[in-house]
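# Residue-level structure breakdown
What follows is each chain in one-letter form.
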Amino acid sequence: MSAIDMTEEIDISSIKKLGILGGFFLSLFIIPIFGALMFFVGMVFVLLAFYKFSVIFNKPKLFSKFLQPFVPSIILGFGVLIFEIMFGLGFVFANLYHTGFNEGTFFLLVTIMIFVGVYLVGIFIAYNYKRVFEELSSVTGHRLFATSGKIMFIGSTLVIVFIGIFIVYLSYIMLFISFLTLPDKILLKA
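Residues numbered from 1 in each chain as written. Predicted model: local features only at pLDDT ≥ 70, side-chain atom pairs only at ≥ 80, totals over all residues. Heavy atoms only, no water.

## With respect to the nonpolar core
When a protein is soluble and globular, its nonpolar side chains tend to lie buried together. Using the following cut-off: By nonpolar core is meant a set of buried Ala, Val, Leu, Ile, Met, Phe, Trp, Tyr and Cys residues that side-chain atoms within 4.5 Å join together. Throughout, exposure labels follow a simple rule: accessible area from a 1.4 Å probe, protein chains only, divided by the maximum for the residue type, with under 20% read as buried, over 50% as exposed, and the rest as partly exposed. What counts as a helix is a DSSP run of H or I of at least four residues, what counts as a strand is a run of E of at least two, and both are numbered from the N terminus. Contacts are assigned to residue pairs that have any heavy atoms within 4.5 Å of one another.
Ranked by size, the top nonpolar core spans 37 residues in total, and within it M43, F50, F53, F66, Y129 and F179 carry the most contacts. Mapped onto this core, the elements with two or more residues apiece are helix 1 (13-26), helix 2 (34-56), helix 3 (60-96), helix 4 (103-140), helix 5 (144-157), helix 6 (163-181) and strand 2 (185-189). Excluding residues within four positions of it along the chain, M43 makes contact with L26, F66, F70, S73, I74 and Y129.

Listed below in structure tokens is the structure:
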């Protein structure tokens, strides 16, 4: 006797909406100051979408794999934000009180050190996002997720020449489009 291949159609429209919101907010990160907040909001919506995908497809590793780059990216984002605030205040106070400190040289050296550290961690984070988006692509059968992950990784590696910032931004738009074009119902093998 042969086993019958059973499939079930699952409505994922609510997950799709979470992803669309996440992609939309992520694509607003380019807006100065306000964009940082939108980045965090967008990441939370995408996190919720991945959690729900992992439940529906009974793949808890999908969610845990998303957490691997998610946690460092949130920590890194808050760290850079706090650093910018503290460094900015320090720069203002040094100029205000005429400390005689060479702020320009200090600013340049610290900026280079922070940039190199953020760059290396960013490549690690983007590589892991690439892997998890490829897995989501295979689970949903929607290839645009894999494309978004590849574009994000390429952009992250090219950030060193600054064009990568625009490529990463393009990957957020592509992620938005990926969720937007995802069908409302998917066949799931039982």
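## Focus: helix 5
The criterion, for reference: The span you would expect from a helix comes to 1.5 Å times its residue count less one.
In a regular helix each residue adds 1.5 Å, so 14 residues correspond to 20 Å; helix 5 covers 20 Å between its end C-alpha atoms and thus fits that length. Along helix 5, the residues classified as buried are F145, A146, S148, G149, I151, M152, G155 and S156.

## What to know about the packing of helix 1 against helix 2
Here is the rule we go by: Note on method: axes are straight lines fitted to C-alpha atoms, helices fitted across the in-contact stretch only, with angles between N-to-C directions ranging 0 to 180 degrees. Working rule for angles: under 35 degrees goes down as roughly parallel, over 145 as roughly antiparallel, 65 to 115 as roughly perpendicular, anything else as oblique. Left-handed describes a crossing whose near helix is turned anticlockwise from the far helix through less than a right angle; right-handed describes the clockwise counterpart. Gly counts as polar in this scheme, as do all residues outside two lists: the nonpolar Ala, Val, Leu, Ile, Met, Phe, Trp, Tyr, Cys and Pro, and the charged Asp, Glu, Lys and Arg.
Two elements in contact, helix 1 and helix 2, have axes whose closest approach is 7 Å; the angle formed by their N-to-C orientations is 155°. If you check the angle between helix 1 and helix 2, you find them roughly antiparallel. Seen from above, helix 1 lies across helix 2 with left-handed handedness. Of the residues in helix 2, those in contact with I15, L18, G19, L21, G22, G23, F25 and L26 of helix 1 are M38, F39, V41, G42, M43, F45, V46, L48, A49, K52, F53 and I56. Each residue belonging to the contact of helix 1 with helix 2 can be placed in one class, and the counts come to 15 nonpolar, four polar and one charged.

## Digging into the packing of aromatic side chains
Cut-off, in case you're wondering: The criterion for an aromatic pair is that two Phe, Tyr or Trp rings (for Trp, the six-membered ring) have centres within 6.5 Å, with stacked assigned to planes under 30 degrees apart, edge-to-face to planes over 60 apart and tilted to the rest.
With the rule as written, the count across this model stands at 16 aromatic pairs. Each ring, one from Y51 and one from F63, has its centre 5.2 Å from the other, and the planes form 75°; the classification is edge-to-face. Here Y51, found in helix 2, pairs with F63, found in helix 3; they are twelve residues apart in sequence, far enough to count as distant. Here the aromatic rings of F53 and F57 are separated by 5.9 Å at their centres, their planes lie at 20°, and the arrangement is stacked. Relative accessible area serves as the criterion here: at 0%, F53 is assigned to the buried category. Members of the aromatic cluster, connected to one another through ring pairs, are F29, F39, F40, Y169 and Y172.

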